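Chain residues, written in single-letter form:
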Number of protein chains: 4
Amino acid sequence: MSCNFGNNIKLTVFGQSHSTAIGAVVDGLPAGIKIDFDRVAAFMARRAPGQSELSTPRKEADEFKILSGIVDGMTCGAPICAVIENTNTRSGDYDKLRALPRPSHSDYAAFMKHNGFNDIRGGGNFSGRMTAPLCFAGAVCIQILESMGVYVGAHIASIGKVEDDRFDPVSVCKADFDSILSKPFPVINDRQGEFMRKEIYDARSSADSVGGTVECAVVGLKAGIGDPIFDGMENRISSAIFGIPAVKGIEFGSGFEGSKKRGSENNDAFVLRDGKIVTETNNHGGILGGISSGMPVVFRCALKPTPSIGKEQNTVNLVSGEEEKLVVGGRHDPCIVPRAVPCIEAAAALVIADYLM
Amino acid sequence: MSCNFGNNIKLTVFGQSHSTAIGAVVDGLPAGIKIDFDRVAAFMARRAPGQSELSTPRKEADEFKILSGIVDGMTCGAPICAVIENTNTRSGDYDKLRALPRPSHSDYAAFMKHNGFNDIRGGGNFSGRMTAPLCFAGAVCIQILESMGVYVGAHIASIGKVEDDRFDPVSVCKADFDSILSKPFPVINDRQGEFMRKEIYDARSSADSVGGTVECAVVGLKAGIGDPIFDGMENRISSAIFGIPAVKGIEFGSGFEGSKKRGSENNDAFVLRDGKIVTETNNHGGILGGISSGMPVVFRCALKPTPSIGKEQNTVNLVSGEEEKLVVGGRHDPCIVPRAVPCIEAAAALVIADYLM
Amino acid sequence: MSCNFGNNIKLTVFGQSHSTAIGAVVDGLPAGIKIDFDRVAAFMARRAPGQSELSTPRKEADEFKILSGIVDGMTCGAPICAVIENTNTRSGDYDKLRALPRPSHSDYAAFMKHNGFNDIRGGGNFSGRMTAPLCFAGAVCIQILESMGVYVGAHIASIGKVEDDRFDPVSVCKADFDSILSKPFPVINDRQGEFMRKEIYDARSSADSVGGTVECAVVGLKAGIGDPIFDGMENRISSAIFGIPAVKGIEFGSGFEGSKKRGSENNDAFVLRDGKIVTETNNHGGILGGISSGMPVVFRCALKPTPSIGKEQNTVNLVSGEEEKLVVGGRHDPCIVPRAVPCIEAAAALVIADYLM
Amino acid sequence: MSCNFGNNIKLTVFGQSHSTAIGAVVDGLPAGIKIDFDRVAAFMARRAPGQSELSTPRKEADEFKILSGIVDGMTCGAPICAVIENTNTRSGDYDKLRALPRPSHSDYAAFMKHNGFNDIRGGGNFSGRMTAPLCFAGAVCIQILESMGVYVGAHIASIGKVEDDRFDPVSVCKADFDSILSKPFPVINDRQGEFMRKEIYDARSSADSVGGTVECAVVGLKAGIGDPIFDGMENRISSAIFGIPAVKGIEFGSGFEGSKKRGSENNDAFVLRDGKIVTETNNHGGILGGISSGMPVVFRCALKPTPSIGKEQNTVNLVSGEEEKLVVGGRHDPCIVPRAVPCIEAAAALVIADYLM
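Reading guide: rules and limits
Residues numbered from 1 in each chain as written. Chains lettered and ligands numbered in written order. Predicted model: local features only at pLDDT ≥ 70, side-chain atom pairs only at ≥ 80, totals over all residues. Heavy atoms only, no water. Pairing = 2+ DSSP bridges. Helix = DSSP H or I, 4+ residues; strand = E, 2+ residues; numbered from the N terminus. Contact = heavy atoms within 4.5 Å. Buried area = accessible area lost by both parts, 1.4 Å probe. Salt bridge = Lys/Arg side-chain N within 4 Å of Asp/Glu carboxyl O. Polar contact = N/O pair within 3.5 Å; in protein donor to acceptor, adjacent residues only side chain to side chain. Nonpolar A, V, L, I, M, F, W, Y, C, P; charged D, E, K, R; others polar. Axes fitted to C-alpha atoms, helices over the stretch in contact; angles between N-to-C directions. Least-squares fit on C-alpha atoms with pLDDT ≥ 70 in both. Disulfide = S-S within 2.5 Å.

**Student:** Just to check I follow, could you spell out the pairing of strand E18 (residues 323-327) of chain D for this structure?
**Tutor:** A regular strand places its side chains on the two faces of the sheet in alternate fashion. Residue and element names in this part refer to chain D. Here strand E17 (residues 312-316) runs beside E18; their pairing, made up of 5 bridges, is antiparallel. Bridged to glutamate 312 within E18 is valine 327. Hairpin connection between E17 and E18: a loop of 6 residues separates the two successive antiparallel strands, and glycine 321 in this loop has a positive phi of roughly 75°.

See below:
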């Protein structure tokens, strides 16, 4: 079912870009856990639009209201429902698009699935806006993980062809995440960050968009968590991550680069460090046989360039059945990657917390 | 649960590399479908070891026996159970490995999960051998898909740094798959195939292994199949594909390469071809918003080099707690990629058939 | 997961008796279905408290607000979220109960599960109030079923020892349901209904409560719907029905009475009626091997007397660990059975619609 | 999916009455648990046919073979697959039945579901024989439960109108179960047992069959296990129990009888016994709000009389479309209730173990 995720912690998301509200139901959290909702709001603000000159000028506060599951600031064992009202919507922008599917958007596929009855306004429930409830759930899970010494962090790994430094997959730690969080543009190497920002400006100034990648790591996870075959950590993380619109690829550890190597280069020898069994390198990305190895879990996601661009594009009118030209109006991000960073953290946190419950 | 996959067609796999048998239970198939088990056997033979000088010299016929679900060669609505006996096992090879986790194998992670009670022989149920039941289920699903005009095919896209040609993502069709199937080495460009084989020989002759990538396509799928958010086609395909040991990455359409591009380059314009709405290019890999667009579904997977190599490696003795040298014995593939090709087809077929039931 | 139900139509319920709101998310409905929300409201009103002198004097309008999933009065393929605010709550009534579990309520079991962090106010998410979102989902499903010629109806089959007539399990039809719906007290035999009402009055006037049974039927369902073994219609209906607090038993067809009979008495011969294959009797309750037989699905549920009574009862103080006397205050139904009738219809409709999607 | 059950312990059953074999896959058991397979066999023998003059003269040893999941007699974390060959089948008995659905059997419903492609031999996978794999899984779970101090037991509560004594729902304990297990006919009151046996003889001698009820209890379960609403213990137990063919009703605690009572009669006061909080009576059957109360879980199931009887019955020929007379041949139980006793224990054990994993 498209709106549900998880086994032990069950997330249900609902809403469309321009429905009265969107929201999340999070079931399966143990009772008696204090949730810091200011921190949840701060996490969600990282995803919200309108924060910098680089993103869409739409202003959506993404203020959530807790309807259930919390008593005196603590979980009570009942599902938490959080609702975010859709306020700043301009549905008129989309009216003429009903018959004109935007290239590389879900419009055409959704039309075919739903016989044209899908909510076209703002992309309906295919909208990137549906990552707001994901971020809510992830922000709650992150607090639970922290109480177990597990931390999740991510950074922009590339914008277009400009690459950030990578996490050191052996030593990456909470301090690295904190450092990135303190920056307005979430990268490791600020100089590269400047080049990335320039890429985004350039794309915007030419009425275009640009893609990128995000690298995410989970640290503090002990060895032995996960399952083989169909319920491995790679299966579950990828299954959650592809829930984020625009993600078109994922790789764990050395990933595609590792596929070019010899076993002797890619294998990670076990060694003792301070009496603890670790691997000398971490090409396996912290996951062996679907199960955590105790090393940092490290993965990278590819995000396509935002399909909404200001340039004229070709499409086919679904009503008249004729080819037409289309210029996508509305207010859009020239690059979705910065706002995807917390979404990817949230998806990872959700999966890890689900395993640990 | 690690051994289950699917919603409408439910696959359960069981067994360990050296247990009495391994097998698959496939539930949810409609009654009255004729299954050609010779074709199923032929499909499974593509995965079986010992077929060429390039793979492990172990001979396992992978002969399956149907225990249930079939009456007079037809499905009867009850789950199909197929069992494959494990015959040619040499458990002795693994005895000394119990305390010595092989680098980049599941041994250490499984030991930590199961407190040392996991079946170490041949990798237990983390073994690549568990893809045999997956191939059984996939071969059955492929026949069902064919009756609906849907075809699945794959080829080796690279070995080490040697790359095959790519499928044309717009025009790839059953004839392309048939052409690849007719070859002993499943590539598009045979000259590149020769270089790939050389890579594998070189790896083997240096007691090493090498990784690679596989490209897979599904054609004939009409638009409108799938779901958004957590149950999209990318979520489900990736979730199945990571069930194949050694897969460490997956990308759909232009994937990681697409993340480097501008929207104007990566977007796929809608056009009319013979009165049918198609996209001019197929950077989206046939999936938009988690739903099929009617274009070929195209994805690539990264497979790490086989972790079992003949070279001496470092590890830590789990009993003594001391560092040790290890040379992995046994009979292993210098490159798992050729045998992974049908596994990836099987996983894709399983997901697509699941959606279509 | 306690808050989710269904495979094809997925219901998620959330909320506690005294949380800000309760609600339902219904996923999996096809797009383009017109929903008559006035009828939904009318259905929910049958469950709402405060409607007659027989039920609790609490007035809760159970007015719902649609947050998502509906565009221009029609489903759009995205999940429907409906929210019902909790307005008329008097939490003070429950304050002293925190340490004093009410006999035959969930208080003690919930306390033990949640280490005392459960929401005690009004029974938290164990409250009968959680059947309001169930009724919302059921009312939507009933409209979908009606468009397929499938109808669901129920009546009070007994209050205490006073029994209503039974549905004729062979000929029960929509007209029978309409007749019951037109009455203020949902029984077949109004004279028996008067005796039942007297039972409830008597219970209330002695600060006591009384139990009863509800009989439910589904008509218009063609033969061949369902599954054997673990996913049969009896499994799924019972699984949903026990989601209604106070239900402690369920029987299909001749049920417990049938267990006293000979096969020759209980078997239902197949005969032709107007060229159609039917059974002469319907002791099987319309379900054979977990699958619909084409005859009316008929089942009865036992509901315990409301555990909240005005009489003094014994309990144990969970804080002091000492035995205490307790008089449950607040405003409660002397008999929950009348209000349970639509809940049982809703649960049945949900299961049947889930099978038919 | 009809062949799967469970969340943490996942059971998959496969097979038909006359397929090559039937079997069970049990996933989710922790590694390192010693399983006594002689005890498993002894448990399964209680269900197997041909044990007494009261049951079918078919002899099926129900000998199982372990294909996977066990190393050195212990679980290894991989799914256990057990296979039972179907040996003593006489398919010829059923040949003429293909067109003639047996009254109150699954034949007609299965025919309609599967368009006539279902396996008619011996009832296919609707056969009571499918409870053999359930018993295998239950017998394994029972051993796991015992290691936690949890015990499951059942007895024949009635045959026809002859009733056994009931378990004392407050004090029932393992010794009661052991006492019943030591008897050839599993009842509490042996004198009543004699009358029951007479009922069965009488039914058989008149070419008829007779139904009955089974009472089951689970003791040693601490308070706080379970979930509210859709995942309560009653939901899950009933969902498993209806997987046993012939079950047509289930009630927990005082059940249907309780529905006739006043709250003041049916409520279970909390009291202290030896410093422990218990209830004075146990009309709630050990479950409050879907969660265990710490009192014995007690439920009763209604089983219909075996539909296979030697008397002539009316049916309709599915091919000719005409009414016909039918005498069911083959070898059948005049009463399935004695053999259902371990099946019901197995289903209960499976659910409880699933909660406790």
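This is not the end of the story, as more comes after the structure.
**Student:** What is the right way to read the interface of chain D and chain C from this model?
**Tutor:** How big an interface is tends to be reported as the loss of accessible area on association of its parts. Every contact between the two is made by 98 residues of chain D and, on the other side, 98 residues of chain C. Buried area between chain D and chain C, summed over both chains or domains, comes out near 7600 Å², and the portion from carbon and sulfur atoms is 62%. The largest share of the area that chain D buries against chain C comes from Phe230(D), Lys248(D) and Phe270(D), three residues that together contribute 11% of it. Summed over the shared surface of chain D and chain C, the result is 4 salt bridges. Here Glu234(D) makes a salt bridge to Lys248(C), at a shortest N to O gap of 2.7 Å. Remark: the boundary between chain D and chain C carries 39 residue pairs in polar contact (both at pLDDT 80 or more). Grouping the amino acids of the side of chain D that touches chain C by side-chain chemistry returns 42 nonpolar, 35 polar and 21 charged. When strand E11 (residues 247-252) of chain C meets strand E11 (residues 247-252) of chain D, the two strands line up antiparallel, connected through 3 bridges.

**Student:** What should I look at first to understand the sheet that holds strand E9 (residues 162-163) of chain D in this one?
**Tutor:** Two orientations exist for strands paired in a sheet by backbone hydrogen bonds: parallel and antiparallel. One open sheet accounts for 10 strands, arranged E9(C)-E8(C)-E10(C)-E16(C)-E11(C)-E11(D)-E16(D)-E10(D)-E8(D)-E9(D); its pairing is antiparallel. The two strands at the open ends of the sheet, each matched to only one other strand, are strand E9 (162-163) of chain C together with E9 of chain D. Judged from the 8 bridges that link them, strand E8 (residues 151-159) of chain C and strand E10 (residues 212-219) of chain C form a sheet pairing that is antiparallel. From the neighbouring strand, Tyr151(C) faces E10(C), where its bridge partner is Val219(C). Strands in contact with helix H6 (residues 233-241) of chain C are E11 and strand E16 (297-303) of chain C together with E11 of chain D; relative to E11(C), the strand with the most contacts, it is inclined by about 155°. Relative to the sheet, helix H6 (residues 233-241) of chain D contacts E11 of chain C together with E11 and strand E16 (297-303) of chain D, its axis offset from that of E11(D) by approximately 160°.

**Student:** Help me understand the relation of the copies chain B and chain D, please; the structure alone is not making it clear to me.
**Tutor:** The pair of chain copies shares a relation made of a rotation about an axis and a shift along it. Of the two same-sequence chains, chain B is brought onto chain D (RMSD 0.0 Å, axial shift 0.0 Å) by a rotation of 180°. Given the turn and translation reported, the copies of this chain are related as if by a two-fold rotation axis. Considering only C-alpha atoms, the part of chain B nearest the rotation axis is Thr12(B), at 3.7 Å. When you check the interface residues of chain B against chain D, 100% turn up at the interface there too, and the contact is symmetric in its surfaces.

**Student:** Help me out: how do you make sense of the state of the cysteines in this one?
**Tutor:** Here, the word disulfide means a covalent bond between the sulfur atoms of two cysteines. If you walk through the whole model with that rule in mind, you get 0 disulfides over all chains. Counting only cysteine sulfurs, Cys216(A) is the nearest neighbor of Cys301(A), a cysteine outside any disulfide, at a range of 7.1 Å.

**Student:** Honestly, the interface of chain B and chain D in this entry has me stumped. Any pointers?
**Tutor:** On the side of chain D, 40 residues touch chain B, which itself brings 40 residues to the contact. Interface area, chain B with chain D, both sides summed: about 2800 Å², of which 66% is carbon and sulfur. Between the two partners, chain B and chain D, sit 0 salt bridges. Where chain B touches chain D, the interface holds 11 residue pairs in polar contact (both at pLDDT 80 or more). Considered class by class, the residues forming the side of chain B that touches chain D number 17 nonpolar, 18 polar and 5 charged.

**Student:** What is the right way to look at the arrangement of the chains in this model?
**Tutor:** There is a gap between chain B and chain C: no contact, and a shortest C-alpha distance of 8 Å. As for chain D relative to chain A, no contact occurs, and the smallest C-alpha gap between them is 9 Å.

**Student:** Would you mind showing me how to read the sheet that holds strand E1 (residues 4-5) of chain C here?
**Tutor:** All names here are of chain C. Reading across from one edge, E1-E2-E3-E7-E4 is the order of the 5 strands in this open sheet, with antiparallel pairing throughout. With one partner strand each, in any of the chains shown, E1 and strand E4 (64-68) form the two edges of the open sheet. As paired strands, strand E3 (residues 21-27) and strand E7 (residues 80-85) are joined by 6 bridges and run antiparallel to one another. Bridged to valine 26 within E7 is isoleucine 80.

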